[in-house]
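Here is how the chains run, residue by residue.
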Amino acid sequence: MSTPTMTLYHNSLSPFVRKVMVLLHETGQQDRVALQNCVLSPVDPDPSLINDNPLSKIPALRLADGNFIHDSRVILDYLDHQHVGNPLIPREGSARWRRLTLASMADGIMDAAVLTRYEVALRAPEKHWDAWLDGQRDKIRRALALLEAEAIAELTSHFDVAAISVACALGYLDLRHPDLAWREPNPQLAAWYFEVSQRPSMLATMPKV
Ligand code: BEZ
């Protein structure tokens, strides 16, 4: 066990934070990072964070030299350069762009799901914008349909940046949007997720409500 040299601004409910935590576990780096819990929303920034990240968004990572990096994509890339195992983000070639595009699809699902969560949980019901909520849910459904139709073999082949991101997106849908019932129209994705959610990295990073 090594002494942490970095600090991760963290909240176990954030799927973007979870991606970073899963990568840390998958690459054996979890002991290098101390966790600083943040409680925040778009209307209630975390004071401990805004000096270093005026956007008040997590994850953000303070490095050993005091420098500060964000967002989750930048942090994943940084941490993937700090271990000696196989890279979880391909360094070059068509695999790099494909895996990052699948990861971006998963990030888009998370964006839509988190924005939907904020609209429903933070805004008074009479102010909910139903067409906007439908638009976000449609984005999620379309992205999942594409993954189901085109990406199962790719997701199964490696538990890398693409698979980690999709797994964290699905975990967040289970946490905040069980009403979407995403498994029914996406049985292959559901079977894949059932397998990967048993990985120690996924079990260790389950959201704590
Ligand atoms: C949530 O409670 O759903 C949440 C918390 C932090 C970041 C994103 C989402």
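Every chain's residues receive numbers from 1 upward, in the order its sequence appears when written. Note on the predicted model: pLDDT of at least 70 is required for a residue's local features to be given, and 80 or more for side-chain atom pairs to be given and counted; whole-chain, interface and lining totals, by contrast, use all residues. Only heavy atoms go into the side-chain values, all of them from the structure, while hydrogens and water stay out.

What follows deals with the overall build of the chain. A count of helical and extended segments in the chain gives 9 helices and 4 strands. Secondary structure is summarised from DSSP: a helix means a run of H or I of at least four residues, a strand means a run of E of at least two, and numbering begins at the N terminus for each. Secondary structure elements of the chain, listed N to C terminal, follow the sequence β-α-β-α-β-β-α-α-α-α-α-α-α. Computation of the radius of gyration draws on C-alpha atoms alone. For the globule rule, the value is 2.2 Å times the number of residues to the power 0.38. Expected size for 209 residues packed as a compact globule is a radius of gyration near 17 Å; at 17 Å, the chain falls within 12% of this value. Structurally, the chain occupies a C-alpha span of about 45 × 40 × 30 Å along its principal axes. Excluding contacts between residues fewer than 6 apart, the proportion of contacts in the chain whose partners are at least 24 apart in sequence is 68%. Each accessible area is a Shrake-Rupley result for a 1.4 Å probe, and residues are judged covered by the shown protein chains and nothing else. Taken as a whole, the chain presents about 10,800 Å² of accessible surface, with 55% of it coming from carbon and sulfur. Only heavy atoms matter for contacts: two residues are in contact if any of them lie within 4.5 Å across the pair.

The next thing to look at is the packing of helix 4 (residues 93-122) against helix 5 (residues 130-150). Running from N to C, helix 4 and helix 5 cross one another at 150°; their axes reach a closest spacing of 9 Å. Considered as vectors, helix 4 and helix 5 are oriented roughly antiparallel to each other. The handedness of the crossing between helix 4 and helix 5 comes out as left-handed. On helix 5, the residues that touch R98, L102, M105, I109, A112, A113, L115, T116, E119 and V120 of helix 4 are W132, L133, Q136, R137, K139, I140, A143, L144, L146, L147 and E150. Each residue receives one of three labels: charged for Asp, Glu, Lys and Arg, nonpolar for Ala, Val, Leu, Ile, Met, Phe, Trp, Tyr, Cys and Pro, and polar for the others, Gly being one of them. The class makeup of the residues in the contact of helix 4 with helix 5 is 14 nonpolar, 2 polar and 5 charged. To obtain each axis, a line is fitted to C-alpha atoms, and for helices this fit is confined to the stretch in contact; angles are then taken between N-to-C directions over 0 to 180 degrees. Roughly parallel means an angle under 35 degrees; roughly antiparallel, over 145; roughly perpendicular, 65 to 115; everything else is oblique. It is the rotation of the near helix from the far one that decides the hand of a crossing: anticlockwise by less than a right angle makes it left-handed, clockwise makes it right-handed.

The domain boundaries here were taken from an automatic or database domain assignment. Under the domain assignment, the chain is made up of domain 1 (6-80) and domain 2 (93-199). Contact with domain 1, which involves 15 residues of that partner, is made by 18 residues of domain 2. Buried area counts how much accessible surface, traced with a 1.4 Å probe, disappears from two parts once they are put together, with both parts' losses summed. Taken over both partners, the interface formed by domain 1 and domain 2 buries close to 1,300 Å², and the fraction arising from carbon and sulfur atoms is 68%. Contact with domain 2 buries surface across domain 1, with P15, F16 and K19 losing the most and accounting together for 35% of the total. Only one rule defines a salt bridge in this text: a Lys or Arg side-chain nitrogen within 4 Å of an Asp or Glu carboxyl oxygen. One can count 3 salt bridges joining domain 1 with domain 2. Of the charged contacts in the structure, one is a salt bridge between E26 and R199, with a shortest N-O distance of 2.9 Å. Two N or O atoms count as a polar contact when they lie within 3.5 Å, although within protein this holds only if one can serve as hydrogen donor and the other as acceptor, and sequence-adjacent residues are included solely when both atoms are side-chain atoms. Taken together, the links from domain 1 to domain 2 amount to 3 residue pairs in polar contact (both at pLDDT 80 or more).

A few words on the site of the ligand. Neighbouring residues of the ligand: L13, S14, R117, Y118, Y172 and R176. Within the side chain of Y172, an N or O atom sits 2.5 Å from an oxygen atom of the ligand. At 2.7 Å from an oxygen atom of the ligand is found a side-chain nitrogen or oxygen belonging to R176. Starting from 270 Å² of accessible surface for the ligand in isolation, the protein chains cover 89%. Counting residues per element, the ones that place at least two in the shell around the ligand are helix 4 and helix 7 (161-176). Grouping the constituent residues of the shell around the ligand by class yields 3 nonpolar, 1 polar and 2 charged. One heavy atom suffices: a residue is near a molecule or strand as soon as one of its heavy atoms comes within 4 Å of it.

Geometry of an aromatic ring pair is reported as the spacing of the ring centres plus the angle between the planes. Aromatic pairs are defined between Phe, Tyr and Trp rings, using the six-membered ring for Trp, whenever the two ring centres lie within 6.5 Å; interplanar angles under 30 degrees are classed as stacked, those over 60 as edge-to-face, and all others as tilted. Counted under the stated rule, the structure contains 2 aromatic pairs. Aromatic side chains Y9 and F68 sit 5.5 Å apart centroid to centroid with 65° between the ring planes, which places their arrangement in the edge-to-face category. Here Y9 is found in strand 1 (residues 6-10), whereas its partner F68 is found in strand 4 (residues 68-69), with 59 residues between them in sequence. Under the scheme applied here, a residue whose accessible area is under 20% of the maximum for its type counts as buried, over 50% as exposed, and between as partly exposed, the area being computed with a 1.4 Å probe on protein chains only. Given the relative accessible area of 4%, Y9 is considered buried. We classify F68 as buried; its relative accessible area is 18%. Seen in terms of ring centroids, W182 and Y193 are 5.8 Å apart; in terms of plane orientation they differ by 75°. Their pairing is edge-to-face. Separated by 11 residues along the polypeptide, W182 in the loop between helix 7 and helix 8 (187-196) and Y193 in helix 8 bring together distant segments of the chain.

Pairing between the strands of a sheet is mediated by backbone hydrogen bonds and can be parallel or antiparallel. Think of it this way: DSSP has to see at least two bridges between two strands before they count as a pair. Pairing within the open sheet is mixed, and its 4 strands lie in the order 2-1-3-4. Only two strands of the sheet have a single neighbouring strand rather than two, namely strand 2 (33-37) and strand 4. Strand direction decides the pairing type here: strand 1 and strand 2, joined by 5 bridges, are parallel. When the sheet's bridge partners are listed, T7 is paired in strand 2 with A34.

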